[in-house]
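The residues making up each chain are set out below.
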Amino acid sequence: MSNYNIKHLEEYFKVYRKSVREPEVFWEEIAEEHFSWHKKWDKVLYWDFEKPEIKWYEGAKLNITENCIDRHLRMTGDKTAILFEPNNPDEGAQHISYRQLHERVNKFANVLKDNGVRKGDRVCIYLPMIPELAVSLLACARIGAIHSVVFAGFSSNALATRINDSDCKIVITSDGSYRGAKTIDLKGIVDVALEDCPGVHTVLVAERIHSDIKMKPGRDQWLQPLLDQASPECEPEIMDAEDPLFILYTSGSTGKPKGMVHTTAGYMVYTAYTFKNMFRYEEDDVYWCTADIGWITGHSYIVYGPLANGATTLMFEGVPSYPDYGRFWEIVEKHRVNQFYTAPTAIRALAKENLGYVEKYDLSSLKVIGSVGEPINEEAWHWYNDNVGKKKSPIVDTWWQTETGGIMISPIPYVTPTIPTYATLPFIGVQPALMDEKGEELKGNQVEGRLCIKYPWPSIARTIWGNHQRYKDTYFSAFAKKYFTGDGALRDATGYYRITGRVDDVIIVSGHNLGTAPIEDAINEHNAVAESAIVGFPHDIKGNALYGYVVLKEAGAARNPDNLRKEINQKITERIGPIAKLDKIQFATGLPKTRSGKIMRRILRKIAAKDFTNLGDTSTLLNPEIVQEIIDNAH
Ligand code: WT7
């Protein structure tokens, strides 16, 4: 028997040891006992971190939607699979049973087929958090098409870049979206994006806000009439274990976004197994993750992981502040939510509001509360623990990444004793290593270094779409034969891990991963700008906010600096999206650079954080005098 559901700390250690000593035996048992396969694998694992190449369950045949839907029909077909809570509470929730989900996915899959989508084709999905979003992912998976979801807060430009990078021929969107009291013209954003995407021949449009939009004849079609006519039966495409399931873009520290490719079998096994353990999901529980399906958290822990376990997964369309700051807790009470998974930035925002918003609601159904996306600070951890968990529901601080596909370091609730700000212990099968700057592994406890993983786990991304070299350079080149995460971490005296934050040029703002280079590129597009540098600085709610140092082509060009600041943020909104806007913009006559021309971001980071001490040795700079000028004008 494998240990699918870990209940005690000794059991965790025992299973962990087995997963490290005999990884193939271990992962074979998990796959064998908990999933349905058309054909079993020939080989559990092939790996080479130098090439790099990783294959799990090679030779196996399956369809992930059979595991997420069909196999639950016989026993629990009437159970709610997706519980949809709309933006406006008065609209009322929708309960979509496994049987109904089956029918909706099949119909949608047939619509895709009718529109020429075949196995291996890429489908771009740009939708708000409505049921069609989850259904469209599964419909792609049903027919073996590769979905590429783009978060519906990204700008037309960012959308176009992603559509073109993976050569999507079809886009699924909606007329618009609700966001609190606002509506957003999603279809308008798609129309602008598609001016730069000659390859797109079809746009399927879900109706959500009933706005008056333009439909381009020959290209755009309303989704609902097509679904109404489609057959409710669609045989699943039989996929190879290593066939791509989806592409999801994440920002890199340089250049264009990286299309991380996740494949079928390993991703399914790992997300399902981690979901079960990290949330201790039981039969009749209602599970809620507040993330957007546009991010990996939503892919793995709203859609695939929960559905593979036959769970009820709640999908929320709205925002935590609408109609008021009690919305999350109102939903927990209304649906008797048992597991609640959110981001530190949301916790901090809600902690700033009146405690009455939390106290008003009955949260006694909660059993496990989770955190993801960035380090959770001690204050936020305690607020969450005291007011939401009521000191009885354990907090699972789950560390992972788009690239890892599933949770990597986290407590298991009711198993691993928690400590604020610690992600605690590696999950089963995960072998972390901390490395020093020279590339040596730091053995033993009480060490701090760069966080690597030295052995493959089933849901590691297999490549970057269209650029395997970049995959190798980004993740497998910093440290020989190890996957480098880009994060720093420490291991304390008891072996617990604490993630200390990014060590590269990625900045996490409100839990969103932002690369500095694309933002700087957007700023530099402004006519008046010569060059710029972005750094993060601590922010009460967002965790980090962005501070931009901007050098103008003509020193006197900032005659109306506030206007210029607005224009710069407008450029960023157009190129990337409002999430990447700068909180502070300082105009400077130059940036501190090394003799080889590299911007000394370390100095800029300290100035942005108002820490003017220990700026280090600035005498080696090409232009040491600039440092004092920047300090004098800092915000
Ligand atoms: C980066 C990955 C994983 C889904 C959401 C973000 C940071 C994530 C934690 C945590 C400290 C965390 C890391 C990581 N991060 N979770 N519990 N504690 N840091 O996915 O956008 O790919 O970002 O988020 O820096 O590398 P992502």
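Residues numbered from 1 in each chain as written. Predicted model: local features only at pLDDT ≥ 70, side-chain atom pairs only at ≥ 80, totals over all residues. Heavy atoms only, no water.

Colleague: Now, about helix H19 (residues 625-632): what can you tell me, with residues and values included?
Modeller: All of the buried residues along H19 are Ile626, Val627, Ile630 and Ile631. The arc enclosing the buried residues of H19, seen along the axis, measures out at 140°, which places them on a common side. Within H19, the exposed residues directed more than 90 degrees away from the buried face are Glu625 and Asp632. Where the residues of H19 are buried, they touch strand E29 (543-552), strand E30 (584-588) and helix H18 (601-608). (Buried < 20%, exposed > 50% of the residue type's maximum accessible area, 1.4 Å probe, protein only. Helix = DSSP H or I, 4+ residues; strand = E, 2+ residues; numbered from the N terminus. Arc of directions from axis to C-beta. Contact = heavy atoms within 4.5 Å.)

Colleague: Account for the domain arrangement of the protein, naming residues and giving values.
Modeller: Looking at the assigned domains, one finds that the protein contains domain 1 (93-237) and domain 2 (506-632). Computed over C-alpha atoms, the centres of domain 1 and domain 2 are 37 Å apart. Taken together, the contacts link 5 residues of domain 1 with 7 residues of domain 2. Of all residues in domain 1, Phe154, Ser155 and Asn157 bury the most surface against domain 2, accounting for 66% of the area lost on that side. (Domains from an automatic or database assignment. Buried area = accessible area lost by both parts, 1.4 Å probe.)

Colleague: Summarise the site of the ligand; cite the residues concerned and give the values.
Modeller: Neighbouring the ligand are 18 residues, the closest being Asp397, Thr398, Thr402, Asp487 and Arg502. Contact distances for the ligand include 3.1 Å between a nitrogen atom and a backbone N or O atom of glycine 373. Between an oxygen atom of the ligand and a side-chain N or O atom of threonine 402, the distance comes to 2.5 Å. For the ligand, the protein covers 96% of the area, taking 550 Å² as the surface of the free molecule. At the level of secondary structure, the elements contributing two or more residues to the shell around the ligand comprise helix H10 (296-308), strand E20 (395-398) and strand E25 (497-502). Its residues assigned to classes, the shell around the ligand shows 7 nonpolar, 6 polar and 5 charged. (Near = heavy atom within 4 Å. Polar contact = N/O pair within 3.5 Å; in protein donor to acceptor, adjacent residues only side chain to side chain. Areas by Shrake-Rupley, 256 points an atom, 1.4 Å probe, with all protein chains shown as cover. Nonpolar A, V, L, I, M, F, W, Y, C, P; charged D, E, K, R; others polar.)

Colleague: Quick one: what's the story with the pattern of salt bridges, residue by residue and with numbers?
Modeller: Under the counting rule described, the total for this entry stands at 41 salt bridges. One network of salt bridges, with partners in common, ties together Lys51, Glu53, Lys55 and Glu58. (Salt bridge = Lys/Arg side-chain N within 4 Å of Asp/Glu carboxyl O.)

Colleague: Tell me what's going on with the side chain of aspartate 220, and back it up with residues and numbers.
Modeller: Looking at where aspartate 220 falls in the secondary structure, it is placed in strand E12 (residues 220-222). Within the local environment of aspartate 220, its side chain forms a polar contact with the backbone nitrogen of lysine 216, the two atoms lying 2.8 Å apart. At 2.6 Å, the side chain of aspartate 220 and the side chain of arginine 219 are in polar contact. Excluding residues within four positions of it along the chain, aspartate 220 makes contact with Lys187, Asp191, Val203, Lys214 and Met215.

Colleague: Give a detailed account of the pairing of strand E1 (residues 43-48), specifying residues and quantitative values.
Modeller: Bridge count for E1 against strand E2 (residues 53-58) is 5 bridges, and the pairing is antiparallel. Bridge pairing in E2 places aspartate 48 opposite glutamate 53. Following E1, the chain reverses through 4 residues before pairing antiparallel with E2. (Pairing = 2+ DSSP bridges.)

Colleague: A description of the sheet that holds strand E16 (residues 286-289) should follow, citing residues and the corresponding values.
Modeller: As summarised here, the arrangement of the 7 strands in space is E5-E4-E17-E16-E18-E19-E20, forming an open sheet in which the pairing is mixed. Each of the sheet's edge strands pairs with one partner strand only, and the pair in question is strand E5 (94-97) and E20. Geometrically, the sheet is characterised by an average inter-axis angle of 20° between neighbouring strands, direction not taken into account. Where strand E19 (residues 368-372) meets E20, 4 bridges bridge the pair, whose relative direction is parallel. From the neighbouring strand, glycine 370 faces E20, where its bridge partner is valine 396. (Axes fitted to C-alpha atoms, helices over the stretch in contact; angles between N-to-C directions.)

Colleague: Tell me about the side chain of asparagine 277, and please be specific about residues and values.
Modeller: Relative to the helices and strands, asparagine 277 resides in helix H9 (residues 265-278). Judged by its relative accessible area of 2%, asparagine 277 falls in the buried class. A polar atom in the side chain of asparagine 277 sits 2.8 Å from the backbone oxygen of tyrosine 4. There is a polar contact of 2.8 Å between the side chain of asparagine 277 and the backbone nitrogen of isoleucine 6.

Colleague: Pulling in residues and values, what's your account of helix H17 (residues 561-575)?
Modeller: Taking 1.5 Å per residue, 15 residues should reach 21 Å; H17 reaches 21 Å between its end C-alpha atoms and fits that length. Among all positions in H17, only Leu564, Ile568, Asn569 and Ile572 are buried. Within H17, the buried residues cover an arc of 135° as seen down the axis, which keeps them to one side. Against the buried residues of H17 lie helix H16 (516-524), strand E28 (529-539), E29 and E30. A positive phi of about 145° marks glycine 577, the residue just after H17. (Expected span 1.5 Å × (residues − 1).)

Colleague: Break down the packing of H18 against H19 for me, citing the residues and quoting the values.
Modeller: Put simply, H18 and H19 touch, their axes get as near as 10 Å, and they point 20° apart. Judged on the interaxial angle alone, H19 and H18 are roughly parallel. Judged by the twist between their axes, the crossing of H18 over H19 is right-handed. Contacts between H18 and H19 involve Ile603, Leu604 and Ile607 from the former and Val627, Ile630 and Ile631 from the latter. In terms of residue class, the contact of H18 with H19 is made up of 6 nonpolar, no polar and no charged. (Parallel < 35°, antiparallel > 145°, perpendicular 65-115°, else oblique. Left-handed = near helix turned anticlockwise from the far one by under 90°.)

Colleague: Explain the sheet that holds E25 to me, and be specific about the residues and the numbers.
Modeller: Taking strand neighbours across the sheet as the criterion, the 4 strands line up as E21-E22-E24-E25 in an open arrangement whose pairing is antiparallel. Each end of this open sheet is capped by a strand with a single partner; those strands are strand E21 (432-435) and E25. Neighbour-to-neighbour, the strand axes of the sheet open up by a mean angle of 45°, direction not taken into account. Pairing geometry for strand E24 (residues 483-491) and E25, over 5 bridges, is antiparallel. Opposite alanine 489, over in E25, you have isoleucine 499 as the bridge partner.

Colleague: Requested: an account of unusual backbone geometry, with residues and values cited.
Modeller: For the bond from lysine 51 to proline 52, the omega torsion is -20°, close enough to zero to count as cis. Mapped onto the elements, proline 52 comes out in the loop between E1 and E2. A cis amide bond, omega -5°, links tyrosine 322 with the succeeding residue proline 323. Mapping proline 323 onto the fold places it in the loop between strand E17 (312-316) and helix H11 (327-335). With phi around 60°, lysine 481 is a residue other than glycine that occupies positive phi space. One non-glycine residue, serine 510, adopts positive backbone phi at about 50°.

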